[in-house]
Amino acid sequence: MHAAFAASADSTPARPGIEERLAALIRIPTVSAERSVRGDEPFEALIALLAEFYPLLHQHLPCERIGDLGLVYRWAPAEESAADPVVLMAHYDVVPAAGQEAEWSVPPFEGRIVDGQVWGRGALDDKGALCTLLDAVENLLAEDWTPPRTVWLCLGSDEELHGATAKLIAETLRSRGVRPWLVLDEGGAVTEVPFPGVSGTYAMVGLAEKGVMSVELSADGTGGHASAPTGLTAVGRVARAVARLNRNPFDIRMPRTVVSLLAALAVHAEPAYARLWRLAAAAPWPAARLLAAAGGADGAALVRTSLAATMLSGGSSANVLPSSASAMLNIRVNVGETTAGVVARLRRVIADPKVSVRVVEADEPTPESASDNAQFALIEDCVEAGYPGVDAIPYLTTAATDGRHWHRFAPAVYRFAPLYIPQDERDGIHGRDERVAIDSLVRGERCYRALLKGLPA
Ligand SMILES: [Zn+2]
């Protein structure tokens, strides 16, 4: 059963038709991974449609392209303000639906509205959030409201391809001296909390995100006939290296963010569990061990760097010694650690100079934002405006978002989009039957509006 939320205190009528606008955006297949096939046309078409849907926004906020398709809008305050600006982010590209169309209940790019929900690729990730954000700005402009400090709207065009554009936007604005007081990007939502003893719906707000690495292990052999092997083959060496890594998981380390999460669970859990979560928050080290041992894959992912061997290759024939072999590792680096530290540890655990370790891709984990500051309190107020009675809970995001590019130099970066995503509809993100309730869009717009109106001068 899906949560029903209390009516919002703010009864200001929003501009009608947000579901139609989202449906129209969904109909334009801005699939970043298929840009080489589809060309730039869908991206340009979506940008043109935004200008049509948000006339006041395009009239009052200068828009700049950064990268070929990144959009940056600057909303200046009515009076010159020395206060640090705010960066609100969303991305308008989506992941493909290719190959899974047959599994969808409705075609993924038709933007159908059925039973109070808008269906299609991007409904949740991230065109839904983008729509609520731009609607909020348009509605405030219609009231002649201007922000007390500069607001930047940064819309990425390739988040699903690791966000080179978002990185360029962050670096460009940084080089111009932009030092945000607050950055808000996707990454958390209003949803049911997946922890024992805590029921109900919460706004999960990401304070930090883990790093991501792809690392290739490889070994060379001498070749020759398999009837006269000498020692380990290249395949044997790589297999032994993977086995050693699997036997020696990374050290446990309790991020500050997870302590905040446990403290929040203690406040909201039923009495028997509240005590457990309270103890856990007060004793991070035993709690981290408990999460790693008994918290399942999700619990363990919160307190240690995870490693998965994802690809393996080597050899060419059953009776020929392999001349080479390799394995690919996907590693999610815990906050507080570094990718360089991970590489050093891989070498130490593998303990085989004949296995080479090559970093294919490495993104550092982010710093951790606070949950006891004015920025987090503002996000709590924003949630309350759209979802009365719903509390915010700090969370560690284990997937990568565009927000990480700001986090290297902005201290207050949060990952939260104000949409309700029921547990059983979460698979729609990057999966099939992605959809969002119209009610969530209406509430989400109120959230962004409250956030903007609550900005301190
Ligand atoms: Zn996304």
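What counts, and where the lines are drawn
- Note that residues are indexed from 1 along each chain, following the sequence as it is written.
- Only residues with pLDDT of 70 or above have their local features reported here, since the model is predicted, and side-chain atom pairs are shown and tallied only from 80 upward, although totals for entire chains, interfaces and linings are computed over all residues.
- Numbering of helices and strands starts at the N terminus; helices are DSSP runs of H or I of at least 4 residues and strands are runs of E of at least 2.
- For the radius of gyration, the atoms used are the C-alpha atoms, and the globule rule reads 2.2 Å times the number of residues raised to 0.38.
- Buried, partly exposed and exposed are defined by the number of other C-beta atoms within 10 Å of a residue's own C-beta, namely 20 or more, between the two limits, and 12 or fewer respectively, with C-beta atoms placed from the backbone.
- Each residue gets a C-beta atom placed from its backbone, and two residues are in contact if those atoms lie within 7 Å.
- At least two bridges found by DSSP between two strands are what make those strands a pair.
- Fitted lines through C-alpha atoms serve as axes, helices being fitted only where they are in contact, and the angles separating the N-to-C directions of these axes extend from 0 to 180 degrees.
- Just so you know, the domain bounds were taken from an automatic or database domain assignment.
- Charged residues are taken to be Asp, Glu, Lys and Arg, nonpolar residues to be Ala, Val, Leu, Ile, Met, Phe, Trp, Tyr, Cys and Pro, and polar residues to be all remaining types, Gly included.
- Here is the rule for angles: anything less than 35 degrees is roughly parallel, anything more than 145 is roughly antiparallel, 65 through 115 is roughly perpendicular, and the remaining ranges are oblique.
- Crossings are sorted by hand: turned counterclockwise from the far helix by less than a right angle, the near helix makes the crossing left-handed, and turned clockwise it makes it right-handed.
- By definition, a nonpolar core groups buried Ala, Val, Leu, Ile, Met, Phe, Trp, Tyr and Cys residues that are joined through C-beta atoms within 7 Å.
- Here the expected span of a helix is defined as 1.5 Å times the quantity of residues minus one.

Observations regarding the overall build of the chain
Line of reasoning, step 1. When you go through the chain residue by residue, the secondary structure sums to 15 helices and 16 strands.
Line of reasoning, step 2. Here the C-alpha radius of gyration of the chain, 24 Å, is about what a compact globule of 457 residues would show, namely 23 Å.
Line of reasoning, step 3. Over its C-alpha atoms, taken along the principal directions, the chain stretches across nearly 80 × 55 × 45 Å.
Line of reasoning, step 4. Counting only residues that meet the buried cut, the chain has 48% of its 457 residues in that class.
Line of reasoning, step 5. Considering only contacts in the chain between residues 6 or more positions apart, those separated by 24 or more positions represent 81%.

Quick notes on the sheet that holds strand β10 (residues 211–220)
Line of reasoning, step 1. A sheet is described by the order of its strands in space; here four strands give the open sequence β11-β12-β10-β13, paired in antiparallel fashion. Whereas interior strands pair on both sides, the edge strands pair on one side only; in this sheet they are β11 (306–314) and β13 (356–363). Averaged over all pairs of adjacent strands, the angle between their axes in this sheet comes to 20°, without regard to strand direction.
Line of reasoning, step 2. In this sheet, strand β12 (residues 324–333) lies alongside β10 in antiparallel orientation, the contact comprising 10 bridges. Paired with Met-213 across the bridge in β12 is Ile-331.

Re the domain arrangement of the chain
Line of reasoning, step 1. Each assigned domain of the chain is listed here: domain 1 (18–196 + 366–453) and domain 2 (209–363).
Line of reasoning, step 2. The distance between the C-alpha centroids of domain 1 and domain 2 comes to 32 Å.
Line of reasoning, step 3. The interface of domain 1 with domain 2 comprises 17 residues on the first partner and 19 residues on the second.
Line of reasoning, step 4. Looking at the side of domain 1 that touches domain 2, the element that brings in the most residues is strand β14 (residues 392–397), giving five residues.
Line of reasoning, step 5. For the side of domain 1 that touches domain 2, the class distribution of residues is eight nonpolar, five polar and four charged.

Points about the pairing of strand β9 (residues 201–209)
Line of reasoning, step 1. Within β9, nine of the nine residues are buried, which leaves it mostly tucked inside the rest of the structure.
Line of reasoning, step 2. Bridge count for strand β8 (residues 190–192) against β9 is three bridges, and the pairing is antiparallel. Considered in β9, the bridge of Val-190 is made with Ala-203.
Line of reasoning, step 3. The sheet contact formed by β9 and β14 spans six bridges and is parallel. Along β14, the bridge assignment pairs Val-205 with Pro-394.

Quick look at the packing of helix α5 (residues 127–142) against helix α15 (residues 438–453)
Line of reasoning, step 1. The contact between α5 and α15 brings their axes to 8 Å, and the two run at 55°. Our classification of the angle between α5 and α15 gives oblique. The way α5 lies across α15 gives a crossing that is right-handed. Across from Gly-128, Ala-129, Cys-131, Thr-132, Leu-133, Asp-135, Ala-136, Asn-139 and Leu-140 in α5, the residues of α15 making contact are Leu-441, Gly-444, Glu-445, Tyr-448, Arg-449 and Leu-452.
Line of reasoning, step 2. Split by residue class, the contact of α5 with α15 holds eight nonpolar, four polar and three charged.

Re the nonpolar core
Line of reasoning, step 1. Counting 106 residues, the largest nonpolar core has Leu-133, Ala-203, Val-205 and Ile-393 as the members making the most contacts within it.
Line of reasoning, step 2. At eight residues, the largest contribution of residues to this core is made by α5.
Line of reasoning, step 3. Structurally, this core is a two-domain feature, drawing no fewer than three residues from each of domain 1 (18–196 + 366–453) and domain 2 (209–363).
Line of reasoning, step 4. With near-sequence residues (within four places) excluded, Leu-133 lies in contact with Leu-88, Ala-90, Leu-153 and Tyr-448.
Line of reasoning, step 5. One finds Val-212, Ala-325, Ala-327 and Val-342 within the second-largest nonpolar core, a separate group that totals 21 residues.

What to know about the packing of helix α8 (residues 256–268) against helix α9 (residues 271–282)
Helix-helix packing: each pair is described by the crossing angle between the helix axes and the interaxial distance.
Line of reasoning, step 1. Running from N to C, α8 and α9 point in directions that differ by 155°, and their axes come no closer than 8 Å. In terms of orientation, α8 lies roughly antiparallel with respect to α9. Considering only the axes of α8 and α9, their crossing is left-handed. In contact with Val-259, Leu-262, Ala-263, Leu-265 and Ala-266 of α8, α9 contributes Ala-274, Trp-277, Arg-278, Ala-280 and Ala-281.
Line of reasoning, step 2. Across the contact of α8 with α9, the residue classes tally to nine nonpolar, no polar and one charged.

Re the sheet that holds strand β4 (residues 113–114)
Across a sheet, paired strands are connected by hydrogen bonds in the backbone, their directions being either parallel or antiparallel.
Line of reasoning, step 1. Taken together, three strands build an open sheet; the order of strands is β4-β5-β16 and the sheet is antiparallel. Two strands lie at the open edges of the sheet, namely β4 and β16 (435–437), each paired on one side alone.
Line of reasoning, step 2. Here β4 runs beside strand β5 (residues 117–119); their pairing, made up of two bridges, is antiparallel. In the strand pairing of β5, Val-114 is matched with Gln-117.
Line of reasoning, step 3. α15 rests against β5 and β16 of the sheet, and its axis sits at about 65° to β16.

Let's talk about helix α13 (residues 374–386)
Line of reasoning, step 1. The end-to-end C-alpha separation of α13 is 19 Å, in line with the 18 Å expected for 13 residues at 1.5 Å each.
Line of reasoning, step 2. Within α13, the full set of buried residues consists of Gln-375, Phe-376, Leu-378, Ile-379, Cys-382, Val-383, Glu-384, Ala-385 and Gly-386.
Line of reasoning, step 3. On its buried face, α13 sits against β7 (182–185), β9, β14, β15 (413–415) and α15.

Considerations on unusual backbone geometry
Line of reasoning, step 1. With an omega of 5°, the peptide bond running from Asp-125 to Asp-126 counts as cis.
Line of reasoning, step 2. Here Asp-126 shows up in the loop between β5 and α5.
Line of reasoning, step 3. Backbone geometry places Asp-433, a non-glycine residue, at a positive phi of 55°.
Line of reasoning, step 4. Considering the arrangement of structural elements, one finds Asp-433 in the loop between β15 and β16.

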